[in-house]
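Structure assessment
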Amino acid sequence: MAHSARKDSPELPDFSYLKSLAKDHLIDQLRKIPGKKDLFIEPDLMSPLDRIANVSTLKQHEVDKLFKVEYKPIISTSDQLCFLIRPRIQTVKWICDVANADKAAGRSRRYNIIFTPQKFYACDAVLEEQGLFEEVTTYEWEFYLLPLDDDIISLELPEFFRDSFLAGDQRWVRTVSNSLCLLQSLYGPFSNVYGIGRISKMVEKCWREQGERGPTKNQQAKIGKVFLIDRDVDFVTPLCSQVVYEGLVDDIFRIKCGCVEFGPDVTSSDRSTKVMLNSQDKVFNQIRNEHFSNVFGYLSQKARNLQTAYDKRQGMDIKQMKAFVSEELKSLKQEHRLLSMHISASESIMKTKTSQDFQELLRIEHSLLEGFDIRECISFIEEHIIRQASITESMRLLCLLSMTENGLLSKDYRSLKTQFLQSYGTDHLFTFANLRQLGLLVEQQPGETLTVMESKVGKLVNDKTAGKLTDAFSSLTKKSHFRALSRKLNLVPKSDKDYDLRVPKDMAYIFSGAYNALSCKIIEQVLERDSWTGLEEVTRLINSPEFTVTVSNNAELSPKSDAQRIIFVMFLGGCTFSEISALRFLGKEKAYSLPASKINSVQY
């Protein structure tokens, strides 16, 4: 398979400590609330909580019954209520409604709120406004990073992208900074921190201000370099259809907190089954990063190998049979069950994603990335909208067209927008407004053709003495320069009919050899140079601040040491499984280990 680990790759740190730490801290908070209590959990916290502390653990600490926060009157009869929630004003107001309803009914209870990962001032303000500040006891569960696999860690903050990039709310900056401090305290000092993006720059500044909470100078380093990258540095990659196995599983079934729920069509029963997707699943671990065209070949070979292993039973004597049953049979049955599950999942994906429509969709995406046959692409998008095909696919294609062409011509923008609203409903006017604000779907203004805009960018200079960009540069905010970036970084490889997806030669295999993910290409270039030197034109085109921080107390590390070859990549705003596969490929090629962290998953 394409991604067998190199023998000279460094071993990753044990990130399970993060889970143990989160569990211990949650137990500490529950101990501060003596007596029996009913626990109300916000829906998006249920999956992470299940990964950290199971029901029996909660029961051991006097949690009587569990409920889901549903923003309606509660049915609990307990005299003490505990709410495990995100610091959301809406949820705090609902808790106030619960308390005020009890007051009106003459019922006396104790109310406790555990905020995670931290409490914000606005939450206290709501409690004070409702006259409940003295009656509600608040706690903080400092749950920052959850390991989903050996090389994937997540903050599981679903609102991060909207808050940070759409609303301009900076409240999560300190949360991300705290997570970096936690990593340092557990795994030692970093040698270098690289980053690009407005939010990344704020996180880096906050992290440096918190330096006194960092590791001791004598602590052994287990992570060499850290790379922070904002999601808005590269919007093109998450807009492209995924074709690696793990990405397709996510698209079809939705992977949540490292788990997927397969329905009856996959399980061949009348019930759905939750499956943990990680490296412990030997079948999944071999195919997760593979282009989907290679998956069935592996699964078929695996089925033959299993059958051969079962056939060994023929001709065994009693002693050999006993050894076989005690040592091999259980493992073979487990692999057989997983193999059947992934074969069924692959068949389900085949029905959805290998039809003629999907092949045509991929062809249109590749044309947009290459800048060919744009009028034909627009016609395809119009037909897609008129047929009322998947609204998500229609919107992705519109955004991809805008991002690759530096916005839509006025007549095309108005026509496509009108058709979209007529097909899918006028309530999506707000969607268009939000996408315009993000720069994902914009209308070209007069004089903003690709040639004119790239000419402007070429003349921009960085005012070194003032330490800020020129006014002309700032005026290009939220403009895409994908074509120029593509040429600079060779994002769209030259057509190669002999591209072998079974033995890929570069990261472009994650998009069938048609496109190198911009985010991963930037990371690759910076790591090769060990700096941003030589990438000045690229950063000007991206129009985001870049930075490098060298941590002096780790300077004695040898560049070839194991720690220096472990690169921690943090996507601020989420990442796709295709990007994770690309980074795994990069780590294999360069003998790096690249654990990836995502703040939240991005869905369009």
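Below, the structure is looked at part by part. (Residues numbered from 1 in each chain as written. Predicted model: local features only at pLDDT ≥ 70, side-chain atom pairs only at ≥ 80, totals over all residues. Heavy atoms only, no water.)

**Section: the packing of aromatic side chains**
Under the defined criterion, the tally for this structure stands at 21 aromatic pairs. For the pair Phe 161 and Phe 165, a centre-to-centre distance of 5.3 Å together with 40° between the ring planes defines the contact as tilted. One end of the pair, Phe 161, and the other, Phe 165, are both in helix H6 (residues 160-166), 4 residues apart, so they sit about a helical turn from each other. For the residue pair Phe 161 and Phe 165, the accessibility class agrees, reading buried in each case. Taken together, a centroid distance of 6.4 Å and an interplanar angle of 35° make the contact between Tyr 194 and Phe 227 tilted. With Tyr 194 in strand E8 (residues 192-196) and Phe 227 in strand E9 (residues 225-230), this pair connects stretches of sequence that are 33 residues apart. (Phe/Tyr/Trp six-rings, centres within 6.5 Å; stacked < 30°, edge-to-face > 60°. Helix = DSSP H or I, 4+ residues; strand = E, 2+ residues; numbered from the N terminus. Buried < 20%, exposed > 50% of the residue type's maximum accessible area, 1.4 Å probe, protein only.)

**Focus: the environment of Tyr 515**
Along the chain, Tyr 515 turns up in the loop between helix H22 (482-489) and helix H23 (518-529). Taking C-alpha positions, Tyr 515 is 8.8 Å from Asn 490, a pair spaced 25 residues apart along the chain. Setting aside chain neighbours within four positions, we find Tyr 515 in contact with Asp 234, Val 236, Thr 237, Cys 240, Leu 369, Phe 482, Leu 491, Pro 493 and Ala 508. At 3.0 Å, the side chain of Tyr 515 forms a polar contact with the side chain of Thr 237. (Contact = heavy atoms within 4.5 Å. Polar contact = N/O pair within 3.5 Å; in protein donor to acceptor, adjacent residues only side chain to side chain.)

**Notes on the pattern of salt bridges**
When charged atoms on two side chains of opposite charge get close, those side chains can pair. Taken as a whole and judged by the stated rule, the model has 35 salt bridges. We note a salt bridge from Arg 171 to Asp 163, for which the minimum N-O separation is 2.7 Å. Residue Asp 163 is classed as buried on the basis of its relative accessible area of 11%. Residues Glu 204 and Lys 201 are paired through a salt bridge, measuring 3.4 Å at the closest nitrogen-oxygen approach. (Salt bridge = Lys/Arg side-chain N within 4 Å of Asp/Glu carboxyl O.)

Taken by themselves, the reported measurements are silent on function.
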